[in-house]
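Listed below are the residues making up each chain.
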Amino acid sequence: MTLSDRLLTMRRDPHSGEVLARGGDPEAHSILQRTDWVPVVRVHEHYHRLPTGLDEAEEVRLATRAVSRLRTVGYHVDCDEEFDTELREQHHLPLGARILHLAEQIRTATTTGEVANFLTELTATHDGVLTALDDVLVATAEFHEGLGEPADPHVARRLRHLAEEYLQIIRTDLSHTRNALADRHAPHPGRRTCTNEVPATERERSAVCACPPPPRAPATPPPPVAAGLRR
């Protein structure tokens, strides 16, 4: 991560009057979205704007809150004076970050049983993450069915299709993977738990554990020589 990833600007555009936030890394973008900002992705730029239809007081409130949240976790925000604040808002760990922690645990797992346990959080029939996601899609579809705009029934059907088709495929395959791992009871041959113990026969006096060195990367073959150059 570069220093520029920790820098953002938040200003009211002099031409459109929109309040725009530019810069930052994915964590900063997540904080903006969780403060009701809308991402805008173009071919040559990526920025965030406030939702349309807000009065000026609400724009100032959301912009000020975003500045507070970003600065709380160490971002430098260069902003218009009307958005500047000394307040700091506590940053709570979002649900997505807790699920990402499962990926980190799987990357360091050493047995099939460990990975099966982590995948259970996703595949559990009653209260797993995928079951909850299915319910979220259906609830959002039900919400659109009563909104009244011409496109809303199409959105509702699309959401139900995602739940019934694509999500069902993911849940079925991942559940099968989890169950197969639970039955294997095997260590991963390429991973081991470090005990931080050095055997008496170790020749390297600076060694702090008995783990073997990482495998050597295969040598990169030289590029092919053109036929004309061989002559």
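Residues numbered from 1 in each chain as written. Predicted model: local features only at pLDDT ≥ 70, side-chain atom pairs only at ≥ 80, totals over all residues. Heavy atoms only, no water.

A. Structural detail: the overall build of the protein. Along the protein, the regular secondary structure elements total seven helices and five strands. Start at the N end of the protein and walk to the C end: the helices and strands fall as β-β-α-β-β-α-β-α-α-α-α-α. The contacts in the protein between residues at least 6 apart in sequence include a share of 48% that link residues at least 24 apart. Counting every atom, the protein has about 16,700 Å² of accessible surface; 56% of that belongs to carbon and sulfur. (Helix = DSSP H or I, 4+ residues; strand = E, 2+ residues; numbered from the N terminus. Contact = heavy atoms within 4.5 Å. Areas by Shrake-Rupley, 256 points an atom, 1.4 Å probe, with all protein chains shown as cover.)

B. A look at unusual backbone geometry. Phi angles above zero are rare outside glycine, and Asp36 is one such case at about 80 degrees. Its place among the elements puts Asp36 in the loop between α1 (26-33) and β3 (38-41).

C. Local environment of the pattern of salt bridges. Per the counting criterion, the structure on display carries 13 salt bridges. We note a salt bridge from Arg69 to Glu89, for which the minimum N-O separation is 3.0 Å. Residue Arg69 is found in helix α2 (residues 56-72), and its partner Glu89 is found in the loop between β5 (76-79) and α3 (95-108); the two are separated by 20 residues along the sequence. The class of Arg69 is buried, set by a relative accessible area of 17%. Taking relative accessible area as the criterion, Glu89 reaches 22% and is therefore assigned partly exposed. Linking Glu145 and Arg160 is a salt bridge whose minimum nitrogen-to-oxygen distance equals 3.1 Å. Of this pair, Glu145 sits in helix α5 (residues 129-145) while Arg160 sits in helix α6 (residues 152-184); the two residues are 15 residues apart in sequence, bridging distant segments of the chain. (Salt bridge = Lys/Arg side-chain N within 4 Å of Asp/Glu carboxyl O. Buried < 20%, exposed > 50% of the residue type's maximum accessible area, 1.4 Å probe, protein only.)

D. Layout of the nonpolar core. Formed by 18 residues in total, the largest nonpolar core has its most connected members in Met10, Val19, Leu32, Trp37, Leu70 and Phe83. For this core, the secondary-structure elements that each account for two or more residues are β1 (7-12), β2 (19-23), α1, α2 and β5. Per element, the largest residue contribution to this core is five residues, and it comes from α2. Core analysis: the second largest hydrophobic core is formed by 15 residues, Leu102, Ala109, Leu122 and Leu159 among them. (Core = buried A, V, L, I, M, F, W, Y, C linked by side-chain atoms within 4.5 Å.)

E. Spotlight on the confidence of the model for the protein. Summary statistics for the protein give a mean pLDDT of 88 and a share of 87% for residues scoring 70 or more. Within the protein, the element-level pLDDT minimum falls on helix α7 (residues 227-230), averaging 52, and the maximum on β5, averaging 97. (pLDDT = per-residue confidence, 0-100.)

F. Quick peek at the packing of aromatic side chains. In the structure shown here, the tally under the stated rule is zero aromatic pairs. Sitting above the plane of the Tyr75 ring, Arg6 keeps its charged end 3.8 Å from the centroid. (Phe/Tyr/Trp six-rings, centres within 6.5 Å; stacked < 30°, edge-to-face > 60°. Lys NZ or Arg CZ within 6 Å of the ring centre and 35° of its normal.)

G. The packing of α1 against α2, seen in detail. Following both chains from N to C, one finds α1 and α2 inclined at 145 degrees, their axes separated by 10 Å at the closest point. For the element pair α1 and α2, the recorded crossing hand is right-handed. In this structure, α1 uses Ala28, Ile31 and Leu32 to contact α2, whose residues at the interface are Ala66, Arg69 and Leu70. (Axes fitted to C-alpha atoms, helices over the stretch in contact; angles between N-to-C directions. Left-handed = near helix turned anticlockwise from the far one by under 90°.)

H. Layout of the packing of α5 against α6. Across the interface, α5 lies against α6 with an axial gap of 8 Å and an inter-helix angle of 170 degrees. Classified by the interaxial angle, the pair formed by α5 and α6 is roughly antiparallel. Contact with α5, carried on its side by Leu130, Thr131, Leu133, Asp134, Leu137, Val138, Thr140, Ala141, Glu142, His144 and Glu145, involves Asp152, Val155, Ala156, Leu159, Arg160, Leu162, Ala163, Leu167, Ile170, Arg171 and Leu174 of α6 and no other residues of that element. Classifying every residue of the contact of α5 with α6 by side-chain character gives 13 nonpolar, three polar and six charged. (Parallel < 35°, antiparallel > 145°, perpendicular 65-115°, else oblique. Nonpolar A, V, L, I, M, F, W, Y, C, P; charged D, E, K, R; others polar.)

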